[in-house]
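# Geometric and topological summary
Letter by letter, the chains look like this.
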Amino acid sequence: MPELVGLKRKLLQLTSELVSGCPFCVSVSNDVESKAPICCTKWSGSSYPVNVNSATCLSCGEYRKTTT
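What this report covers is the structure whose coordinates are included nearby. (Residues numbered from 1 in each chain as written. Predicted model: local features only at pLDDT ≥ 70, side-chain atom pairs only at ≥ 80, totals over all residues. Heavy atoms only, no water.)

## Quick word on the environment of Thr15
- Turning to its location among the elements, Thr15 is positioned in helix α1 (residues 2-18).
- Considered as a pair, Thr15 and Ser47 are 32 residues apart in the sequence and their alpha carbons are 22 Å apart.
- Residue contacts for Thr15: discarding those within four places in its chain leaves Ile38, Ser54 and Leu58. (Helix = DSSP H or I, 4+ residues; strand = E, 2+ residues; numbered from the N terminus. Contact = heavy atoms within 4.5 Å.)

Spelled out as structure tokens, the structure:
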């Protein structure tokens, strides 16, 4: 079980690094057990962020526009 927590933590860290420059990503939680650790304004359609999971966040692709 500790290996799984370590893998989740690493995935969350990598996701956080990828989206660090995204204009829609407000914050990324440190809670590895959270099902939706990323606060995003793009998916809410307003200035109030909603929580999304890593797959949803990365599928948007906005982070790619800021890392090139």
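## Topic: the nonpolar core
- Core analysis: the largest hydrophobic core is formed by eight residues, namely Val19, Cys22, Cys25, Ile38, Cys40, Val52, Cys57 and Tyr63.
- When residues no more than four places from it in sequence are discounted, the contact partners of Cys57 are Val19, Ile38, Trp43 and Val52. (Core = buried A, V, L, I, M, F, W, Y, C linked by side-chain atoms within 4.5 Å. Buried < 20%, exposed > 50% of the residue type's maximum accessible area, 1.4 Å probe, protein only.)

## Comments concerning the side chain of Thr41
- Structurally, the position occupied by Thr41 is in the loop between β2 (38-40) and β3 (50-52).
- Among all residues touching Thr41, those that are not within four sequence positions of it are Phe24, Val26, Ser46, Ser47, Tyr48 and Pro49.

## Points about the sheet that holds strand β1 (residues 25-28)
- Strands sit in the order β1-β2-β3 across an open sheet of three strands; the sheet is antiparallel. Strands at the two margins of the open sheet, each flanked by one partner only, are β1 and β3. Going from strand to strand, the sheet's axes swing by 30 degrees on average, the running direction of each strand aside.
- Strand direction decides the pairing type here: β2 and β3, joined by three bridges, are antiparallel. Within β3, the position partnered with Cys40 by the bridge is Val50. (Pairing = 2+ DSSP bridges. Axes fitted to C-alpha atoms, helices over the stretch in contact; angles between N-to-C directions.)

## Concerning the pattern of salt bridges
- Applying the stated criterion across every chain yields a total of three salt bridges.
- Where Lys42 meets Glu62, a salt bridge forms, and the shortest distance between an N and an O atom there is 3.0 Å. With Lys42 in the loop between β2 and β3 and Glu62 in helix α3 (residues 62-66), the pair connects residues that are 20 residues apart, well separated along the chain.
- Accessibility expressed as a relative area gives 34% for Lys42, which makes it partly exposed. (Salt bridge = Lys/Arg side-chain N within 4 Å of Asp/Glu carboxyl O.)

## Some thoughts on the layout of surface pockets
- Reported here for the largest pocket is a volume of approximately 170 Å³.
- If you go around the largest pocket, the residues you meet are Lys8, Leu11, Leu12, Asp31, Val32, Ser34, Lys35, Pro37, Asn53 and Ser54.
- Ranked by residues supplied to the lining of the largest pocket, first place goes to α1 with three residues.
- The residue makeup of the lining of the largest pocket, split by class, is four nonpolar, three polar and three charged. (1 Å grid on protein atoms, 1.4 Å probe; cavity = no way out; pocket = protein on both sides within 12 Å on 5 of 7 lines; lining within 4 Å. Points joined across faces, edges and corners; volume = space filled by probe spheres on them. Nonpolar A, V, L, I, M, F, W, Y, C, P; charged D, E, K, R; others polar.)

Interpretation in functional terms is not warranted from these geometric data alone.
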